[in-house]
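Here are the chains, one letter per residue:
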Amino acid sequence: MPDATQTTRHSALDPILLMPKTEALDRATKPAERLVIDTIAPSVDGGWPVKRIAGEAVTVEANVFTDGHEQLAVELLWRPADETEWRAVRMAALPTDRWRAVFVPERLGRHEFAVEGWLDVFGGFRRDFAKKLGADVAQRVDYMEGRGIVRAAAKRTGNAELLRWADRVDAGDDAREGAELLLADELARLMTAADDRPHRLRSATVLLDAERLAARFSSWYELFPRSQVIDPTKHGTFDDVIPRLPQIRDMGFDTLYFPPIHPIGKTNRKGPNNTLTPGPNDPGSPYAIGSDAGGHDAVHPELGGFEAFARLVEAAKAHGLEVALDFAIQCSPDHPWLKDHPGWFAWRPDGSMKYAENPPKKYQDIVNVDFYGPDAIPGLWVALRDVVLLWVEHGVKVFRVDNPHTKPLPFWEWMIGEVRAQHPDAIFLAEAFTRPTMMYQLAKVGFSQSYTYFTWRDRKDELTEYIEELTTEAPKEFYRPHFFVNTPDINPVYLQTSGRPGFRIRAVLAATLSGLFGVYSGFELCEAAAIPGKEEYLDSEKYIVKPRDWNAPGNITMDIAMLNRIRRQYPALQTHLNTKFFVANDDNIIWYGKPDPDGKGIICVMVNLDPHNGHECNFQIPLWELGLDDNASVDVEDLGEGWRFRWYGKDQFIRIEPDQPYRIWRLTPGGFA
């Protein structure tokens, strides 16, 4: 009777068992099959690209091993995808068959890397020969073995320098001189260059996208250009935005983001608070794109046209601000495409078109394109790509994409790839509040940044669990979370009820947990009035011109300016991936840190998440992160208030009140840096 363990070693469908015996033997005896390369990191399932920043060191690890005690040599191979020559870096051996090397993608765009391993015959000889010499058990045959390996390599390559070394080794005795020659570093260098790499095996290629720093670290400010006026009966222009640029710059933002700036349709135009009864002067929602003045490739006439837009882009650039635009693939019933390209839409049997819905929300002023309509491929796809390229020509390289999860993934992969092939510095932000699987897949197919569930994570356990998912699990290699504190569509319940302390709390969390931080204008004024029972703003700016007093009492512009200042000053705050949570024994107090990249210090943030009540706790200072023992002292700088002091010992106590709900400290082991 056969052994049960043997009968279950292979699946009944194992390919090698289904092969003819000669084919199976041929496969099993191929030289390359002797090595194993697996568990390469970083990598993304499905073969999608890993995301990194150009100029950022990429650490690659892999398991590489073989049978017995043979010594291996392993290389990391990498190149920009448009080059043919590989660049090679020797990988260093770590414990348990793990290997590591680092490379730096020096320019923007697609890269690829692979791991290659082989038997290092001469290296293995040197290792064992040195051990035998040390134990005084080396024999004449060991010298002969080494000479044979060197002579074979010299003969195989014909390298004159190596041939001379082979002669020297052959002439050496079997004692000190011969040992010194066989173990010489110069000979090892020559033998490495001459290695024929027996049993060589190369892994599958891993893709990597290198983007500019703004893809990982930026601070966004969203505003409606039409509202940058004093009189609510007047429609603002791009020129009206220019006087606001110094204030936005002084708050520390680097990206100025506009909702759609295209002509707005009149059919089913929305009135104040999303009503269906607009007045003759109501501006309508900018997301109802398209009128007789044009579509996605045009500017709403009341904003001032392309010349005014060019003035604004240049003025923003002079203030250190980059303009980002909303790319919303939806049309007003008045959009020229409905007349010129009816095959790009799905029509109902009675000849009408169904307006957009996201139950219970209804968008009577919007209709959607059909990506797989009768004439949509390639016409619609190419037209949408060309819309993006048009705005790139007008100085825009950053796009926030509205509801990308309701459009086909193959379209995004193709379109983003087409744009970035010409403009590798282009950045796309996915505004997708949907299932995690879709949000992550959008990042995989090409989106540089992504909206997140942060907006609804209020409690300590929710925040901790979510950040740990983003920093320690698969998304860390491809998903860059953009922590917007609010949007024109989302007035979170937390902000509706928390008053000024709540706005400060959410600002510090967003600004210090992620490298990507964004606010919609009015947040700095602590605007919170909501439609009862909804996460929507009362008198939403989506439907009206909404002037504001930007210096109104109770604003938190100084908090925001401070947060953006220290984000620029300290690289530790320019990524979410280094976040570590520490012990604070109160469920309302969250306590986390972000080590400096150079290891010289750590920025620590403590926040009272309760905007209504003070809380106190015992907490642990992360002395271990600085290489200090539990009884050591550490220098502390309060980055918000400017105070400096010293803590002694790991265990401390604090109370935090809502009127000052957070602390940001930088800890250094000795002296303030």
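These numbers were taken from a predicted model, which means no experiment stands behind them.

Asker: Please clarify how helix α13 (residues 379–393) should be interpreted in this entry.
Answerer: What sets the pattern is the α-helix's 3.6 residues per turn: residues three or four places apart point alike. With 15 residues, α13 extends 21 Å between its outermost C-alpha atoms, agreeing within 8% with the 21 Å of an ideal straight helix rising 1.5 Å per residue. Where α13 is concerned, the buried positions are L380, W381, A383, L384, R385, V387, V388, L389, W391 and V392. Turning to α13, the residues buried within the fold contact α11 (305–318), β13 (322–327), α12 (336–340), β16 (398–402), α14 (409–422) and β17 (427–431). Just past α13, the residue G395 takes up positive phi, approximately 95 degrees.

Asker: How should I be thinking about the pattern of salt bridges in this particular structure?
Answerer: Where side chains of opposite charge bring their charged atoms close, a pairing between them can arise. The tally for this structure, following the rule as stated, stands at 54 salt bridges. Between R107 and D82 there is a salt bridge, with its nearest N and O atoms 2.5 Å apart. Here R107 is found in the loop between β7 (98–103) and β8 (109–119), whereas its partner D82 is found in the loop between β4 (72–80) and β5 (87–90), with 25 residues between them in sequence. In this structure R107 comes out as partly exposed when scored by relative accessible area, which is 34%. Accessibility expressed as a relative area gives 58% for D82, which makes it exposed. Ionic pairing is found between R655 and E616, a salt bridge with its closest N-O pair at 3.2 Å. With R655 in strand β27 (residues 651–656) and E616 in strand β24 (residues 615–620), the pair connects residues that are 39 residues apart, well separated along the chain. The class of R655 is partly exposed, set by a relative accessible area of 40%.

Asker: Can you help me understand unusual backbone geometry in this one?
Answerer: For residues that are not glycine, phi is negative in most cases, and the peptide bond is trans in most cases. Cis rather than trans, the peptide bond between A41 and P42 has omega equal to 5 degrees. Structurally, P42 is set in the loop between β1 (36–41) and β2 (50–53). A cis amide bond links I377 to the next residue, P378, at an omega of 5 degrees. Mapped onto the secondary structure, P378 falls in the loop between β15 (361–367) and α13. Of note in this structure, T96 is not a glycine but carries a positive phi near 55 degrees. Positionally, T96 belongs in the loop between β6 (92–93) and β7. Positive phi, normally seen in glycine, also occurs at N403, with a value near 50 degrees.

Asker: What's the story with the side chain of E222 in this structure? I'm lost.
Answerer: With respect to the helices, strands and loops of the structure, E222 is situated in strand β11 (residues 218–222). No salt bridge is formed by the buried E222, whose closest oppositely charged neighbour, R400, lies at an N-O distance of 5.8 Å. Not counting residues up to four positions away in its chain, the partners in contact with E222 are Y257, P259, F484, P488, V519, Y520 and S521.

Asker: Teacher, can you tell me more about the side chain of N555 here?
Answerer: Along the polypeptide, N555 turns up in the loop between β20 (516–520) and α18 (557–569). At 2.7 Å, the side chain of N555 and the side chain of T557 are in polar contact.

Asker: Explain the pairing of strand β19 (residues 481–484) here, please?
Answerer: The side chains of a regular strand alternate, first on one face of the sheet and then on the other. Taking every second residue as pointing to the same face, both faces of β19 are buried, with P481 and F483 on one and H482 and F484 on the other. Here two bridges tie strand β18 (residues 449–451) to β19, and the two strands are oriented parallel to one another. Along β19, the bridge assignment pairs Y451 with H482. With respect to chirality, the unit in which β18 leads through helix α16 (residues 460–472) into the neighbouring parallel β19 is right-handed.

Asker: Honestly, the sheet that holds β19 in this entry has me stumped. Any pointers?
Answerer: The strands that make up a sheet are held in pairs by hydrogen bonds between backbone atoms, and each pair lies either parallel or antiparallel. Around the barrel, which closes on itself, the eight strands sit in the order β11-β12-β13-β16-β17-β18-β19-β20 with parallel pairing between neighbours. Along the sheet, successive strands turn relative to each other by an average axial angle of 25 degrees, direction set aside. Lying on the sheet, helix α17 (residues 493–513) is in contact with β19 and β20; it crosses β20 at an angle near 150 degrees.

Asker: Could you clarify how one ought to interpret the UniProt feature "domain: Glycosyl hydrolase family 13 catalytic" (unreviewed entry) in the chain in this entry?
Answerer: As recorded in UniProt, the sites labelled "domain: Glycosyl hydrolase family 13 catalytic" (unreviewed entry) are residues 222–567. Within residues 222–567, the helical portion is 33% and the strand portion 13%, while the C-alpha atoms at the span's ends are 19 Å from each other.

Asker: I would appreciate a short explanation of the nonpolar core in the present structure.
Answerer: Most often, soluble globular proteins keep nonpolar side chains buried together rather than apart. Ranked by internal contacts, the top residues of the largest apolar core, which has 99 residues, are W412, F428, L509, V607 and I664. Residue contributions to this core peak at ten residues, all from α17. Apart from residues lying up to four places away in sequence, F428 is in contact with V388, F399, V401, M415, I416, V419, R420, F447, S448 and Q449. Counting residues in each nonpolar core, the second largest holds 31 residues, with L35, I40, A210 and Y453 among its members.

Asker: Whenever I open this one, helix α8 (residues 185–194) confuses me. Can you help?
Answerer: Where α8 is concerned, the buried positions are L187, A188, L190, M191 and A194. What you see down the axis of α8 is that its buried residues fit within an arc of 165 degrees, all on one side. Exposed positions of α8 whose direction lies more than 90 degrees from the buried face are D185 and A193. Against α4 (121–134), α5 (140–157), α6 (160–171) and α7 (176–182) lie the buried residues of α8.

Asker: When you look at the pairing of strand β25 (residues 633–638) in this model, what are you seeing that I'm missing?
Answerer: For β25, the buried fraction is high: five of the six residues fall into the buried class. As judged from the five bridges shared by β25 and strand β26 (residues 644–648), these two strands associate in the antiparallel manner. If you follow V636 over to β26, its bridge partner there is F645. The hairpin turn running from β25 into β26, its antiparallel successor, is five residues long, and G642 in that turn takes a positive phi close to 90 degrees.

Asker: Would you explain the UniProt feature "active site" (unreviewed entry) in the chain in this entry?
Answerer: According to UniProt, the positions carrying the feature "active site" (unreviewed entry) are D402 and E431. For the annotated residues, spread through 30 residues, the largest C-alpha to C-alpha distance comes to 5.3 Å, consistent with a single compact locus. Discounting residues that sit within four places of it in the chain, D402 has contacts with Y287, D326, F327, A328, Q330, K407 and E431. Polar contacts involving the side chain of D402 include one to the side chain of R400, which spans 2.9 Å. Along the chain, the position of E431 falls in strand β17. The class of E431 is buried, set by a relative accessible area of 6%. Beyond its immediate chain neighbours, meaning those up to four positions away, E431 contacts R400, V401, D402, N403, P404, H405 and Y451.

Analysis parameters
Residues numbered from 1 in each chain as written. Predicted model: local features only at pLDDT ≥ 70, side-chain atom pairs only at ≥ 80, totals over all residues. Heavy atoms only, no water. Helix = DSSP H or I, 4+ residues; strand = E, 2+ residues; numbered from the N terminus. Expected span 1.5 Å × (residues − 1). Buried < 20%, exposed > 50% of the residue type's maximum accessible area, 1.4 Å probe, protein only. Contact = heavy atoms within 4.5 Å. Salt bridge = Lys/Arg side-chain N within 4 Å of Asp/Glu carboxyl O. Lys, Arg positive; Asp, Glu negative; His and termini not counted. Polar contact = N/O pair within 3.5 Å; in protein donor to acceptor, adjacent residues only side chain to side chain. Pairing = 2+ DSSP bridges. Right-handed = clockwise from strand over helix to strand, strands pointing away. Axes fitted to C-alpha atoms, helices over the stretch in contact; angles between N-to-C directions. UniProt positions renumbered as here; feature names shortened; annotations may be inferred. Core = buried A, V, L, I, M, F, W, Y, C linked by side-chain atoms within 4.5 Å. Arc of directions from axis to C-beta.

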